[in-house]
Amino acid sequence: MGGRFTDRVALVTGGGSGIGRNTARALAAEGATVVVAGRDKDALAETGGIPVVADVTVEADVVGLLDTIAGRFGRLDVAVNNAGVFGGGMPLAELPTAEWDRLVATNLTGVYLSMKHEIGLMRATGGTIVNVASNIGAHGRRPGLGAYAATKAAVSALTRNTALEYIRDGIRINAVSPGPADTAMSLRPGETPEDRADRLASALPIGRVGSLDEITGAILWLASAESGFTVGHDLVIDGGATA
Ligand SMILES: NC(=O)c1ccc[n+]([C@@H]2O[C@H](COP(=O)([O-])OP(=O)(O)OC[C@H]3O[C@@H](n4cnc5c(N)ncnc54)[C@H](OP(=O)(O)O)[C@@H]3O)[C@@H](O)[C@H]2O)c1
């Protein structure tokens, strides 16, 4: 098996479904040994690769995940911090504090903890990190989704600043900000993929949802040597929604 990631060790968080699963499989198809992390053991096993059950909101789990990678491979070349949850859907004063906490813990603290411990291992050999933010974050306006948007905007800011801290250590950090992609997360409650297609046909300039490969392709480019001069960037992939 050949490709841009031959002999590379990669980690994908939230690798048991959607964008994470597709990214893990694409990295493997290009030669990487891929560790997939998430909370659902069966979902991770279905993805393939090396499954490690870990909750990114729990620092001991993240430390255990990176210890497993260090023990098995002694290095980490690529990390895709993709684990995330969607939520909110109501104005700020109505939002339960527990929902705020869940979004912040997963989408922001989870990326902080993941990067913190990935960098520790990557420092030995260098590597690339791609964080999965959202076009709603730094770039969008979506009343009712303020909490989700705030966590994702924070991921963009954390990416930019952390990238500057570690680029001289050979660790290159970037983010992607997808728009509505073809996963369960972009379905509204009770909505079918056909309903979603109708909704997005008029709502998005491109007139359709983004395919998994269109999101994954951007992640792999940022993770690969092809993007070697790109540092601290937040690549928006949203069919023109925030253009
Ligand atoms: N789909 C879209 O339209 C879209 C648009 C913009 C951004 N995004 C972002 O893209 C990323 C992937 O989303 P997706 O669309 O592929 O949705 P998804 O299928 O729901 O994937 C999210 C993954 O994150 C994992 N996860 C959630 N909480 C976790 C935790 N505490 N610890 C470890 N893993 C956790 C989930 O697995 P478990 O629950 O089994 O742990 C799941 O596999 C997310 O960060 C999302 O915000 C998606």
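Note that this is a predicted model, so its numbers are computed, not measured.

Scoring rules and cut-offs
Residues numbered from 1 in each chain as written. Predicted model: local features only at pLDDT ≥ 70, side-chain atom pairs only at ≥ 80, totals over all residues. Heavy atoms only, no water. Helix = DSSP H or I, 4+ residues; strand = E, 2+ residues; numbered from the N terminus. Rg over C-alpha atoms; globule rule 2.2 N^0.38 Å. Buried < 20%, exposed > 50% of the residue type's maximum accessible area, 1.4 Å probe, protein only. Contact = heavy atoms within 4.5 Å. Areas by Shrake-Rupley, 256 points an atom, 1.4 Å probe, with all protein chains shown as cover. Lys, Arg positive; Asp, Glu negative; His and termini not counted. Charge placed at Lys NZ, Arg CZ, Asp CG, Glu CD. Salt bridge = Lys/Arg side-chain N within 4 Å of Asp/Glu carboxyl O. Pairing = 2+ DSSP bridges. UniProt positions renumbered as here; feature names shortened; annotations may be inferred.

Engineer: Help me understand the overall build of the protein in this model?
Structural biologist: Across its full length, the protein holds eight helices and seven strands. Its C-alpha radius of gyration of 17 Å places the protein within 12% of the 18 Å reference for a compact globule of 243 residues. Projected onto its principal axes, the C-alpha positions of the protein cover 45 × 35 × 35 Å. Looking at the protein as a whole, 48% of its 243 residues are labelled buried. At a minimum sequence separation of 6, the contacts of the protein that also span at least 24 residues come to 69%. With the model as given, the accessible surface of the protein reaches about 11,100 Å², and the carbon-plus-sulfur share is 54%. Treating the 21 positive side-chain charges of the protein as one cloud and the 26 negative ones as another, the clouds have centres 4 Å apart.

Engineer: What is the right way to look at the side chain of Thr230 in this model?
Structural biologist: Structurally, Thr230 can be placed in the loop between α8 (212–223) and β7 (234–237). For Thr230, the contacting residues outside a window of four places in its chain are Arg172, Asn174, Trp221 and Leu222.

Engineer: Quick question: what am I supposed to make of the side chain of Lys152 here?
Structural biologist: Residue position: Lys152 is located in helix α6 (residues 146–166). For the buried Lys152, which has no salt bridge, the nearest side chain bearing the opposite charge is Asp234, at an N-O separation of 10 Å. Sequence-distant contacts of Lys152, that is, excluding residues within four places in its chain, are made with Asn107, Val132, Ala133, Ser134 and Gly137.

Engineer: Would you take a moment to explain the pairing of strand β6 (residues 171–178) for this structure?
Structural biologist: Within a regular strand, the side chains alternate between the two sheet faces. Counting buried residues along β6, eight of its eight residues qualify, which places the element largely inside the surrounding structure. Burial of the side chains of β6 extends over both faces: Ile171, Ile173, Ala175 and Ser177 are buried on one face and Arg172, Asn174, Val176 and Pro178 on the other. Where strand β5 (residues 127–132) and β6 come together, six bridges link them in parallel fashion. When the bridges of β6 are listed, Val132 appears paired with Val176. Relative to β7, β6 is paired through four bridges, and the arrangement is parallel. Counted as the bridge partner of Ala175 is Asp234 from β7.

Engineer: Help me understand the pattern of salt bridges, please; the structure alone is not making it clear to me.
Structural biologist: A side chain of one charge can pair with a side chain of the opposite charge when the charged atoms of the two come close. For the structure on display, the rule yields ten salt bridges. Measuring nitrogen to oxygen at the nearest pair gives 2.9 Å for the salt bridge that ties Glu99 to Arg102. Of this pair, Glu99 and Arg102 both sit in helix α4 (residues 97–122), separated by three residues, roughly a single helical turn. Glu99 gets classed as buried once you look at its relative accessible area, which sits at 17%.

Engineer: It is not clear to me how the UniProt feature "domain: Ketoreductase" (unreviewed entry) in the protein should be interpreted in this structure. Could you clarify?
Structural biologist: On the UniProt side, "domain: Ketoreductase" (unreviewed entry) is annotated at positions that read residues 8–183 here. Each end of residues 8–183 is marked by a C-alpha atom, and these two atoms are 27 Å apart; helix forms 48% of the span and strand 19%.

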